[in-house]
Number of protein chains: 2
Amino acid sequence: MSSVDAVDITEANSVAAGTNAPMKRIVASGIGGRLMGSKSMYDVTADQIAKDNLALLLEKDKKAKAKYASNKHISEQPWTRENWAQHINWLNFVLVFAIPVMGLLSTFWVTPRIETFALAFILYVFSGLSITAGYHRLWAHRAYQARLPVRLFYAFFGAGSVEGSIKWWAHSHRIHHRYTDTVRDPYDARQGFWYSHMGWMLTVPNPRYKARADITDLSDDWVVRAQHRHYLMVMAFSGFLLPSLIAGYFWGDYLGGFIYGGILKVFFIQQATFCVNSLAHWIGVQPFDDKRTPRDHFLTAFVTFGEGYHNFHHEFPSDYRNALKWYQYDPTKHVIYLTSKLGLAYNLKTFSQNAIEQGLVQQQQKKLDALRANLNWGIPLSDLPLWDKTQFFEKSKEQKGLVIISGIVHDVSGFLTEHPGGQALIKTSIGKDATVAFNGGVYAHSNAAHNVLATMRVAVIRDSGATADTYDRQLEMIAAKKEKEGQA
Amino acid sequence: MSSVDAVDITEANSVAAGTNAPMKRIVASGIGGRLMGSKSMYDVTADQIAKDNLALLLEKDKKAKAKYASNKHISEQPWTRENWAQHINWLNFVLVFAIPVMGLLSTFWVTPRIETFALAFILYVFSGLSITAGYHRLWAHRAYQARLPVRLFYAFFGAGSVEGSIKWWAHSHRIHHRYTDTVRDPYDARQGFWYSHMGWMLTVPNPRYKARADITDLSDDWVVRAQHRHYLMVMAFSGFLLPSLIAGYFWGDYLGGFIYGGILKVFFIQQATFCVNSLAHWIGVQPFDDKRTPRDHFLTAFVTFGEGYHNFHHEFPSDYRNALKWYQYDPTKHVIYLTSKLGLAYNLKTFSQNAIEQGLVQQQQKKLDALRANLNWGIPLSDLPLWDKTQFFEKSKEQKGLVIISGIVHDVSGFLTEHPGGQALIKTSIGKDATVAFNGGVYAHSNAAHNVLATMRVAVIRDSGATADTYDRQLEMIAAKKEKEGQA
Ligand code: HEM
Ligand code: HEM
Ligand SMILES: [Fe+2]
Ligand SMILES: [Fe+2]
Ligand SMILES: [Fe+2]
Ligand SMILES: [Fe+2]
């Protein structure tokens, strides 16, 4: 390439990873910010990522193999009686398993008041929507922009879902999109339903598969910074204290508020979110593309405020909608739209209808091609022997049932009794050229008839200009007739 | 064509019309046999039909125009106060309109016993099935063969539907299939819903559009001959006398038997049958072919014992089934299957699953092609200007936003803010060749991204070997990577 440079892959990957420029360093108080993640997974240099892009991943794997040959990382060692405790990410185990289980058990003793139940439900909706409309579509995907009150709301109630800070969540989510179905995908669906649901979080990950995505746009937002810095406090207050205090102050149900409005609410939101990583990559249809695992399913959408049209979402990640049809369930989309009507959100992004329909058409084409490949369309003309007319004449004497249609010889002997137009008509055609008779001279045969005919091919007549689709001939005849009509 | 004859079209048409050989002449007693038809419509010579085949119809129309210029047939004259009575086929008017209306009116005075109602329903099923399983699938389409008791049953109860003799009915039905949607189609759906439902029968048809089909196979069946010869008698007995006698003898309801088990039963069967000619050519889907009017609809199937999958039926007329899926309603198919299990029917014909699926695939392809044609797939490469690399370098200075991907220059300036992967990455690529970065070097873009990219085409780089589908490049890269893996 004389005067045109190719994009420098290392440099571009460093942009993609956000390591090209110094990023505002935000230290979270304690372990809070990376709840449910591992620091070891995103602490990686651009250079490493550049060498690791999809095409070059392999080389690195090899080297790593050598390196870890003697000294294996815990995630590469089999589970044994001695090391099982090292395999487990204990912080996450407590957060997404132990506490919820205790919460569930305690419901045997703690009966909530109906008001507590209503409060829990409202907080469930607030915190759930903060994950879908806020963490996911606003921050991770920049699908729209939002004004301060909305960002504060989502940052506050989103923290109450106990899924980590915006910064952490959006970062690993961007990695998920960029490395979907590869070893670098944090919730790699290829590793099974349970791995993508919770397993990835409950076990210690392999630092060889680190990845990093650019999140400079997020660190530029002070709401994101503040939430990350004070995450533990915000989370504890929004997630647990607030429901307990409200229920206690207004109707004296401190414990009920804590358990139902706190622990159990968190449990349900977490499980719903995990479903997007598991269920949405496992059940449903793939109307836009089936090269990767994401799928569309109403059930997933139903438990996740509309995040279940995941096949669409992975193709069009920055579209503020996940569902397009009126009968699909996507309340998050409506909430975003509503906030925009109230002037609280703007720049709602959508992909063009053209691009969306292109995906649908291509995917349907793929399915159709697969169906077509399984059917018998007759021997291709190029694989048939070439006869001249004298040969056809001779062969017709030995072999009863040869008919020429559109320059191709067919053996119709097996079809005599099957012919919907009766045996007599086919018999009159044997040993002859029935092109005109077949294509309208006697009967303008259906598409089906042309298909059946193709399965009976025996040879091509030399210099007949035969085409694969005898139907073309008929179309030509009809066109000629139409033209005549026009002139009349 | 040196030694191969073409099929003689006149001769073949004479075979198709059954006029090549003398046919057994069966005289019906009186007007009986051709109830609901007109003799003038099938009394036609093979020579006439040969001249009239689809492609040549036009010439004849011209001549006829001249001939009828001065002396028009009644069907070609406008309806006036003087001639309206000549337009009407009075026999049919009485049979399918006047009598049923009187029957309906009489229900205000005649209340049937519940037994009479049950009898009417049973006869409705017997006579209706005799039309669908007998007249239609057995005789008109030879979809299977049946032993004497079954043929007698269908001939007897079929006559009781008052739709003419088997001979007449099957003849005009074969003409319908052969000339679907043309002037020769007796119930030509193009002439409107009411015409194809009853209009064709209530008005005097134009003898210019006569047609004839071979029915020698039918006249070879003595049951068909006998039924035609004694049609009036069989019809009167099976259709009206029998129900009246049964209801009268067993529970004293002669009049109820006559009206409900006779007139009204006939009325409902007739209307249901007419629906196949009207409704089945008007409502529903066209999964097999949309070149002609027949359609599949559950409603039509429901009122006609399963004859409503008419799109399938016109493509595969000699298949004993009309519906293929378990959830489609086709009791006639089950009756035929049952009689075959009882040894009363045999040679049940079906089209190959291959041919059926070919039709489905082709029709879906047609729809997909129509969708595809409406979308913007980018300017075709052949319509783009050719640049060499120096030109690209120069143009990049003036016009910000030019990027080469897979040998094609794209203008991405309008997409910067829309890019799901962020502005920074696209900016680093401007003025450069981003083929590798776009195709996996930084991110292996989705199908959707390739579609969006194609809409931004500006020029082709000379000697780059650019292909229309940039996606091919990515597949090549992945394949190369896979190969490497294999070697490793
Ligand atoms: C040799 C291969 C042939 C095949 C595979 C074939 C196939 C078919 C099929 C599938 C139908 C029913 C579907 C439709 O409406 O198209 C049909 C109907 C018919 N065919 Fe053929 N055909 C062949 C040859 C011929 C020839 C040579 C003639 C005439 C000389 C002919 C005359 C007719 C007629 C008149 C019908 C209409 C029957 C009706 O629907 O009542 N066929 N054929
Ligand atoms: C110039 C035309 C480009 C178009 C039309 C385009 C389009 C897209 C689209 C539609 C997506 C989201 C869907 C998907 O997963 O494929 C995407 C994501 C992405 N693109 Fe591009 N892109 C372009 C150029 C680039 C370049 C040159 C780079 C890198 C140098 C790049 C890097 C990325 C990355 C890293 C993502 C992943 C973002 C995420 O899902 O988090 N893109 N692009
Ligand atoms: Fe996903
Ligand atoms: Fe996402
Ligand atoms: Fe029809
Ligand atoms: Fe039919």
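Fair warning: this is a prediction, and the values are worked out from it, not measured in the lab.

J.: I would appreciate a short explanation of the relation of the copies chain A and chain B in the present structure.
T.: Two copies of one chain are present, and they are related through a rotation about an axis combined with an axial shift. Rotating chain A by 180° about the axis while translating it 0.0 Å along that axis superimposes it on chain B, leaving an RMSD of 0.1 Å. Viewed as a symmetry operation, the transformation between the two copies matches a two-fold axis. Among all C-alpha atoms of chain A, that of Gln365 of chain A lies closest to the rotation axis, at 3.8 Å.

J.: Before we go on, may I ask you to explain the pairing of strand 6 (residues 457-461) of chain B in this structure?
T.: Two faces belong to every sheet, and in a regular strand the side chains alternate between them. Residues and elements named next belong to chain B. Along strand 6, 4 of the 5 residues are buried, which leaves the element largely enclosed by surrounding structure. Direction of pairing for strand 3 (residues 386-387) relative to strand 6: parallel, over a ladder of 2 bridges. Paired with Leu386 across the bridge in strand 6 is Val460. Bridging between strand 5 (residues 408-411) and strand 6 involves 3 bridges; their strand directions are antiparallel.

J.: Would you explain unusual backbone geometry in this entry?
T.: Residues other than glycine predominantly adopt negative phi, and peptide bonds predominantly adopt the trans conformation. Positive phi outside glycine occurs at Ser406 of chain A, with the angle close to 55°. Residue position: Ser406 of chain A is located in the loop between strand 4 (402-405) and strand 5 (408-411).

J.: Quick question: what am I supposed to make of the interface of chain A and chain B here?
T.: A common way to express how large an interface is: the accessible area buried when the components associate. On the chain B side, the residues contacting the 83 residues of chain A number 83 residues. Each partner contributes to the roughly 7,300 Å² buried at the junction of chain A and chain B, and carbon and sulfur atoms together form 62% of this total. Where chain A meets chain B, there are 0 salt bridges. The leading source of residues in the side of chain A that touches chain B is helix 17 (residues 353-373) of chain A, at 12 residues. Tallied by class, residues from the side of chain A that touches chain B come to 37 nonpolar, 27 polar and 19 charged.

J.: Help me understand the sheet that holds strand 6 of chain B in this model?
T.: What links the strands of a sheet is backbone hydrogen bonding, and the strands pair in either a parallel or an antiparallel sense. Residue and element names in this part refer to chain B. Sheet architecture is open: 4 strands sit in the order 3-6-5-4, paired in mixed fashion. Single-partner strands in this sheet number two, and they are strand 3 and strand 4 (402-405). In this structure, strand 4 lies alongside strand 5, joined through 4 bridges in antiparallel fashion. Considered in strand 5, the bridge of Ile405 is made with Ile408.

J.: Mind showing me how you'd approach helix 11 (residues 222-229) of chain B here?
T.: Think of an α-helix as 3.6 residues a turn; residues three or four steps apart then line up on the same face. Residues and elements named next belong to chain B. The set of residues buried in helix 11 consists of Val223, Val224, Arg225, Gln227 and His228. At its buried positions, helix 11 is contacted by helix 6 (114-140), helix 7 (148-159), helix 8 (166-178), helix 10 (216-219) and helix 12 (231-251). By the N-cap criterion, in which a side-chain oxygen at the helix start approaches the backbone nitrogen of a residue two or three places on, helix 11 is capped by Asp221, the distance to Val223 being 2.9 Å.

J.: How do you make sense of the site of ligand 2 when you look at a structure like this?
T.: Lining the immediate surroundings of ligand 2 are 25 residues, of which His419, Ser429, Tyr443, His445 and Ser446 of chain B lie closest. At the site occupied by ligand 2, nearby residues are drawn from chains A and B. In the environment of ligand 2, an oxygen atom lies 2.3 Å from a nitrogen or oxygen atom belonging to the side chain of Tyr443 of chain B. A distance of 2.7 Å is found between a nitrogen atom of ligand 2 and a side-chain nitrogen or oxygen belonging to His445 of chain B. Those elements that provide at least two residues to the shell around ligand 2 are helix 8 (166-178) and helix 15 (310-315) of chain A together with helix 19 (423-429), helix 20 (435-438) and helix 21 (447-454) of chain B. Among the residues forming the shell around ligand 2, the class breakdown is 15 nonpolar, 7 polar and 3 charged.

J.: Looking at this model, I keep getting lost on the coordination of the iron ion (ligand 5). Mind explaining?
T.: Tetrahedral metal sites with four donors have an ideal angle of 109.5 degrees; octahedral sites with six donors have ideal angles of 90 or 180 degrees. All names here are of chain B. Only His176 (NE2), His281 (NE2), His310 (NE2) and His314 (NE2) from the protein reach the iron ion (ligand 5) as donors, at distances of 2.1 to 2.3 Å. Around the iron ion (ligand 5) sit 4 donor atoms, and with donor-metal-donor angles ranging over 92 to 167° the site reads as irregular. Along the chain, the residues donating to the iron ion (ligand 5) are arranged with the sequence spacing H-x104-H-x28-H-x3-H. If you look at the iron ion (ligand 5) and the iron ion (ligand 6), they sit 5.8 Å from each other. Of this pair, His176 sits in helix 8 while His281 sits in the loop between helix 13 (254-277) and helix 14 (298-303), and the two are 105 residues apart along the sequence.

J.: Is there a simple way to think about the coordination of the iron atom of ligand 1 in this case?
T.: Residues and elements named next belong to chain A. Taken together, His419 (NE2) and His445 (NE2) make up the full set of protein donors to the iron atom of ligand 1, lying 1.9 to 2.0 Å away. In this structure, the iron atom of ligand 1 is surrounded by 6 donor atoms whose angles at the metal cover 87 to 178°, and the resulting shape is octahedral. Remark: His445 occurs in the loop between helix 20 (435-438) and helix 21 (447-454) and His419 occurs in the loop between strand 5 and helix 19 (423-429); sequence separation between them is 26 residues. On the basis of relative accessible area, His419 is assigned to the buried category, the value being 11%. Using a relative accessible area of 14% as the deciding quantity, one classes His445 as buried.

J.: For this particular structure, what's the right way to read the site of ligand 1?
T.: The full set close to ligand 1 counts 25 residues, and His419, Ser429, Tyr443, His445 and Ser446 of chain A are the nearest of them. Chain contributions to the surroundings of ligand 1 come from chains A and B. Between a nitrogen atom of ligand 1 and a side-chain N or O atom of His445 of chain A, the distance comes to 2.7 Å. The contact in question runs from an oxygen atom of ligand 1 to an N or O atom on the backbone of Ser446 of chain A, over 2.8 Å. Secondary structure elements with two or more residues in the shell around ligand 1: helix 19, helix 20 and helix 21 of chain A together with helix 8 and helix 15 (310-315) of chain B. Counted by class, the shell around ligand 1 contains 15 nonpolar, 7 polar and 3 charged residues.

J.: Where do I start with the UniProt feature "transmembrane region" (unreviewed entry) in chain A in this structure?
T.: Residues and elements named next belong to chain A. The sites that UniProt annotates as "transmembrane region" (unreviewed entry) are residues 90-110, 116-135 and 231-252. Secondary structure over residues 90-110 splits into 81% helix and 0% strand, and the C-alpha atoms at its two ends are 27 Å apart. For residues 231-252, the end-to-end C-alpha separation is 28 Å, with 95% helix and 0% strand making up the annotated structure.

J.: Just to check I follow, could you spell out the packing of helix 6 of chain B against helix 12 of chain B for this structure?
T.: Two quantities define a packed helix pair, namely the angle between the axes and the distance from one axis to the other. Residues and elements named next belong to chain B. Across the interface, helix 6 lies against helix 12 with an axial gap of 10 Å and an inter-helix angle of 155°. Here helix 6 is positioned roughly antiparallel relative to helix 12, judged by the angle of their axes. Here helix 6 and helix 12 pass one another in a crossing that is right-handed. Across from Glu115, Thr116, Leu119, Leu123 and Tyr135 in helix 6, the residues of helix 12 making contact are Tyr231, Pro243, Ile246, Ala247 and Trp251. Class assignment for the residues of the contact of helix 6 with helix 12 results in 8 nonpolar, 1 polar and 1 charged.

J.: Would you mind going over the packing of aromatic side chains with me for this structure?
T.: For any pair of aromatic rings, the description rests on two quantities: the centre-to-centre distance and the angle between the ring planes. Residue and element names in this part refer to chain B. Applying the stated rule across the entire model yields 58 aromatic pairs over all chains. Here the aromatic rings of Phe288 and Phe316 are separated by 5.9 Å at their centres, their planes lie at 85°, and the arrangement is edge-to-face. Of this pair, Phe288 sits in the loop between helix 13 and helix 14 while Phe316 sits in the loop between helix 15 and helix 16 (331-341), and the two are 28 residues apart along the sequence. In this pair, the class of Phe288 matches that of Phe316, namely buried. Plain terms: the ring middles of Trp326 and Tyr327 are 5.3 Å apart, the flat faces sit at 90° to each other, and that makes the pair edge-to-face. This pair shows no difference in class: Trp326 is exposed, exactly as Tyr327 is.

J.: Please clarify how the side chain of Gln358 of chain A should be interpreted in this entry.
T.: Mapping Gln358 of chain A onto the fold places it in helix 17. When sequence neighbours within four positions are dropped, the list of residues in contact with Gln358 of chain A reads Leu375, Asn376, Trp377 and Asn451 of chain B.

Thresholds applied
Residues numbered from 1 in each chain as written. Chains lettered and ligands numbered in written order. Predicted model: local features only at pLDDT ≥ 70, side-chain atom pairs only at ≥ 80, totals over all residues. Heavy atoms only, no water. Least-squares fit on C-alpha atoms with pLDDT ≥ 70 in both. Buried < 20%, exposed > 50% of the residue type's maximum accessible area, 1.4 Å probe, protein only. Helix = DSSP H or I, 4+ residues; strand = E, 2+ residues; numbered from the N terminus. Pairing = 2+ DSSP bridges. Contact = heavy atoms within 4.5 Å. Buried area = accessible area lost by both parts, 1.4 Å probe. Salt bridge = Lys/Arg side-chain N within 4 Å of Asp/Glu carboxyl O. Nonpolar A, V, L, I, M, F, W, Y, C, P; charged D, E, K, R; others polar. Polar contact = N/O pair within 3.5 Å; in protein donor to acceptor, adjacent residues only side chain to side chain. Near = heavy atom within 4 Å. Donors = N, O, S within 2.8 Å, 3.2 Å for Na, K, Ca; no water. Tetrahedral: all angles 85-135°; square planar, octahedral: opposite > 155°, others 65-115°. UniProt positions renumbered as here; feature names shortened; annotations may be inferred. Axes fitted to C-alpha atoms, helices over the stretch in contact; angles between N-to-C directions. Parallel < 35°, antiparallel > 145°, perpendicular 65-115°, else oblique. Left-handed = near helix turned anticlockwise from the far one by under 90°. Phe/Tyr/Trp six-rings, centres within 6.5 Å; stacked < 30°, edge-to-face > 60°.

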